[in-house]
Amino acid sequence: GAGVSQSPRYKVAKRGQDVALRCDPISGHVSLFWYQQALGQGPEFLTYFQNEAQLDKSGLPSDRFFAERPEGSVSTLKIQRTQQEDSAVYLCASGYRQLAKNIQYFGAGTRLSVL
Amino acid sequence: KQEVTQIPAALSVPEGENLVLNCSFTDSAIYNLQWFRQDPGKGLTSLLLIQSSQREQTSGRLNASLDKSSGRSTLYIAASQPGDSATYLCAVGRAAGNKLTFGGGTRVLVKP
């Protein structure tokens, strides 16, 4: 596809359920980022991959959050034992270096609602 | 820790007026600064990117300035149109991995 694709677009989970959110980056993009956006706020950084290596996971809020990118392309963000405060839009972005600008392209996000 | 603030949080103007959106950041050691647009239920669209060595960038009706020493950026949108209604986010990037630190956004409504 031409852009970053995220699925599902919407996810409703009961508290305590595990969820998995998928991101298909733009083909050939080396960098991949996950952000969490609470209602009415700006996105907050969760984690960053360069190819299959997770170089920064400092933004993951707890050990219930886990991200992987095993083949350096598709990435999955997994949240275990979901809680109400996990309700947010989860944005994925991929990027490449163009004249050292490090431009990021964002997907439409997955809106997670935990009941 | 870098903190990014956007004021005002919301703005309503009649069509044709110029828009001025403000962004401030606490750590001036930035790699670049980006302005994004976000429509309801959609992802982020990059509008302008300013490298730390630059003072401004222009694209059509949009102009963004950067003053690193004072930790400020301003996005100007000339002759606003109803289609400009959206949330505008600014974000600063570090060199390493360029993870972005976002402001809370300014929600803009342009009334016809």
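See the structure shown above.
These lines cover the structure that appears in this document, whether it is placed above or below. (Residues numbered from 1 in each chain as written. Chains lettered and ligands numbered in written order. Predicted model: local features only at pLDDT ≥ 70, side-chain atom pairs only at ≥ 80, totals over all residues. Heavy atoms only, no water.)

### Quick look at the overall build of chain B
Defined as follows: Secondary structure elements are defined from DSSP: runs of H or I of at least 4 residues count as helices, runs of E of at least 2 residues count as strands, and each element is numbered from the N terminus. Atoms counted for the radius of gyration: C-alpha only. Globule rule: 2.2 Å times residue count to the power 0.38. The buried label applies to any residue whose accessible area, calculated with a 1.4 Å probe on protein chains only, is under 20% of its type's maximum; exposed applies above 50%, and partly exposed to all values in between. By definition, residues are in contact when any of their heavy atoms lie within 4.5 Å. Exposure was quantified through the Shrake-Rupley algorithm and a 1.4 Å probe, taking into account, for residues, occlusion by the shown protein chains and nothing else. In this tally, Lys and Arg are treated as positive and Asp and Glu as negative; His is ignored, and so are the chain termini. Here the site of a charge means atom NZ of a Lys, CZ of an Arg, CG of an Asp or CD of a Glu.
Scanning chain B for helices and strands turns up zero helices and 11 strands. Along chain B, from the amino end to the carboxyl end, the secondary structure elements read β-β-β-β-β-β-β-β-β-β-β. Relative to a compact globule of 112 residues, whose C-alpha radius of gyration would be 13 Å, chain B shows 13 Å and is just as compact. Each principal axis of the C-alpha distribution contributes one length, and for chain B these read about 40 × 30 × 20 Å. Among the 112 residues that make up chain B, the fraction classed as buried is 45%. For chain B, the share of sequence-separated contacts (at least 6 apart) that also reach a separation of at least 24 residues comes to 54%. In the structure as shown, chain B presents an accessible area of about 5,300 Å², 49% of it carried by carbon and sulfur atoms. Taking the average location of the 11 positive side-chain charges in chain B and that of its 8 negative ones, the two points are 6 Å from each other.

### Description of the state of the cysteines
Residues and elements named next belong to chain A. Heads up, the condition is: Two cysteine sulfur atoms make up a disulfide if the distance between them is within 2.5 Å.
Throughout the structure, instances matching the rule amount to two disulfides over all chains. Note that Cys23 is cross-linked by a disulfide to Cys92, the S-S spacing being 1.9 Å. What sets the handedness of the Cys23 and Cys92 disulfide is the S-S torsion sign, and at about -65° it is left-handed. Note that Cys23 is positioned in strand E3 (residues 19–24) and Cys92 in strand E9 (residues 88–96), a separation of 69 residues in sequence. This pair shows no difference in class: Cys23 is buried, exactly as Cys92 is.

### Quick notes on the side chain of Gln2(B)
Residue and element names in this part refer to chain B. Counted only if it meets this: In protein, a polar contact means a hydrogen-donor-capable atom and an acceptor-capable atom, both N or O and within 3.5 Å, with residues adjacent in sequence counting only if both atoms are side-chain atoms; elsewhere, any N or O pair within 3.5 Å suffices.
Topologically, Gln2 is positioned in the segment before strand E1 (4–7). There is a polar contact of 2.9 Å between the side chain of Gln2 and the backbone nitrogen of Asp27. The residues contacting Gln2, other than those within four sequence positions of it, are Phe25, Thr26, Asp27, Ile30, Val92 and Thr101.

### A few points about the interface of chain B and chain A
Applicable threshold: In short, buried area is how much 1.4 Å probe accessible area vanishes from two parts on joining, totalled over both. Whenever Lys or Arg places a side-chain nitrogen within 4 Å of a carboxyl oxygen from Asp or Glu, that contact is recorded as a salt bridge.
Listed by partner, the interface residues are 20 residues for chain B and 22 residues for chain A. With both sides pooled, the region where chain B packs onto chain A buries about 1,500 Å², and carbon together with sulfur makes up 51% of that total. Joining chain B to chain A, the criterion identifies one salt bridge. Across the salt bridge formed by Lys99(B) and Asp56(A), the nearest N and O atoms sit 3.5 Å from each other. On inspection of chain B and its partner chain A, the count reaches five residue pairs in polar contact (both at pLDDT 80 or more).

### Things to note about unusual backbone geometry
Omega for the bond connecting Ser7(A) with Pro8(A) falls within 30 degrees of zero, at -10°, which places this linkage in the cis form. Topologically, Pro8(A) is positioned in the loop between strand E1 (5–7) and strand E2 (10–13). For Arg81(A), which is not glycine, the phi dihedral falls at a positive 50°. Considering the arrangement of structural elements, one finds Arg81(A) in the loop between strand E8 (75–79) and E9. A positive phi angle is found at Ala79(B), which is not glycine, with a value near 45°. With respect to the secondary-structure elements, Ala79(B) resides in the loop between strand E8 (72–77) and strand E9 (86–93). Given a relative accessible area of 38%, Ala79(B) falls into the partly exposed group.

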